[in-house]
Amino acid sequence: QVQLVESGGGLVQAGGSLRLSCKTSGRTFSSYYMGWFRRAPGKEREFVAGISRSGGSTDYADSVKGRFTISRDNAKNTVSLQMNSLKPEDTAVYYCAANHRWRTSDYQIYDYWGQGTQVTVSS
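Because the structure is predicted, anything quoted here is derived from the model rather than measured. Each chain has its residues counted from 1, running along the sequence as written. Per-residue local features are limited, in this predicted model, to residues with pLDDT of at least 70; the limit for side-chain atom pairs, both in listing and counting, is 80 or more; totals at the level of whole chains, interfaces and linings are taken over all residues. With hydrogens and water excluded, all non-hydrogen atoms of the structure serve as input to the side-chain values.

Caption draft 1: Representation of the layout of surface pockets within the structure. Put simply, the largest pocket is a space of about 150 Å³. Cavity: a set of points on a 1 Å grid over the protein atoms alone where a 1.4 Å probe fits but cannot get out. Pocket: an open set with protein on both sides within 12 Å along at least five of seven lines, its lining residues, like those of a cavity, having an atom within 4 Å of a point. R38, K43, E46, E89 and D90 are, among the 13 residues lining the largest pocket, the residues nearest its centre. Note that Gly is not counted as nonpolar here; it falls among the polar residues with everything else outside the nonpolar set of Ala, Val, Leu, Ile, Met, Phe, Trp, Tyr, Cys and Pro and the charged set of Asp, Glu, Lys and Arg. Looking at the lining of the largest pocket, its residues break down into two nonpolar, two polar and nine charged. Grid points are joined across faces, edges and corners, and a volume is the space filled by probe spheres set on the points.

Below is the structure:
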């Protein structure tokens, strides 16, 4: 069982930055592929970024590529999402998720989810 707790959300002006963190429990963090997803009001859950178990490979949605960076620290059981040049359309609840199968953008593959953290970008 893995528990995930996100932090770092908030209100920021367009063009600003935020850093989200996701702290996980358990001793097997390095065996999980990690991802960040988001859900905006009235929209479907959307893949944002994913990272391999070692941290050596990453994937990004086209909408955030070049602005967001996912990273992980296996010694601290933490995955982070650095978000720069934020836009109003980035406003959403952001969730971190873990799965032990493979690196993927398919939310159905992920086994464990955090409670989410709100990110609001004002114009």
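Caption draft 2: Region of the structure containing the environment of V64. Comment: elements are numbered from the N terminus, with helices defined as DSSP H or I runs of at least four residues and strands as E runs of at least two. With respect to the helices and strands, V64 occurs in the loop between β6 (58-60) and β7 (68-73). Setting aside chain neighbours within four positions, we find V64 in contact with R38 and V48. Residue contacts follow a heavy-atom distance rule, with two residues in contact if any of their heavy atoms lie within 4.5 Å.

Caption draft 3: Quick peek at unusual backbone geometry. The phi angle at N77 is positive, at roughly 55°, despite the residue not being glycine. Classification of N77 by relative accessible area gives buried; the value is 15%. Phi at S85 takes a positive value of approximately 50°, unusual for a residue other than glycine. Mapped onto the elements, S85 comes out in the loop between β8 (78-83) and β9 (92-99). With a 1.4 Å probe rolled over the protein chains alone, any residue whose accessible area is under 20% of its type maximum counts as buried; one over 50% counts as exposed, and the rest are partly exposed.

Caption draft 4: Structural detail: the sheet that holds strand β3 (residues 18-24). Think of it this way: DSSP has to see at least two bridges between two strands before they count as a pair. With antiparallel pairing, the four strands of this open sheet are ordered in space as β1-β3-β8-β7. Two strands bound the open sheet, and with one partner strand each, they are β1 (4-7) and β7. Pairs of neighbouring strands in the sheet enclose a mean axial angle of 15°, with direction left out of account. In this sheet, β8 lies alongside β3 in antiparallel orientation, the contact comprising six bridges. Bridge pairing links C22 to V79 in β8. Only the stretch in contact is used when a helix axis is fitted, and all axes are lines through C-alpha atoms; the angle between N-to-C directions ranges over 0 to 180 degrees.

Caption draft 5: Inspection of the side chain of N99 at higher detail. Mapped onto the elements of the fold, N99 is located in strand β9. Within the structure, N99 has its side chain in polar contact with the backbone oxygen of W102 (distance 3.0 Å). If we ignore the near neighbours within four places in the chain, the residues touching N99 are Y32, Y33, T104, I109, Y110 and D111. Polar contacts, as counted here, are pairs of nitrogen or oxygen atoms within 3.5 Å of one another; within protein the pair requires one atom able to donate a hydrogen and one able to accept it, and residues that are adjacent in sequence qualify only if both atoms are side-chain atoms.

Caption draft 6: Representation of the side chain of S52 in the model. Along the chain, S52 turns up in the loop between β5 (46-51) and β6. Reaching out from S52, the side chain makes a polar contact with the backbone nitrogen of G56 at a distance of 3.3 Å. Among residues more than four places away in sequence, those in contact with S52 are Y33, S57, R72 and R103.

Caption draft 7: Fine view of the pattern of salt bridges. Salt bridge, as used here: a side-chain nitrogen of Lys or Arg that lies within 4 Å of a carboxyl oxygen of Asp or Glu. For the structure on display, the rule yields six salt bridges. When the shortest N-O distance is used, the salt bridge between R101 and D111 registers 2.8 Å. Residue R101 is found in the loop between β9 and β10 (112-113), and its partner D111 is found in the loop between β9 and β10; the two are separated by 10 residues along the sequence. You can call D111 partly exposed: its relative accessible area is 30%. Among the ionic contacts, a cluster of salt bridges with common partners joins R38, E46, R67 and D90.

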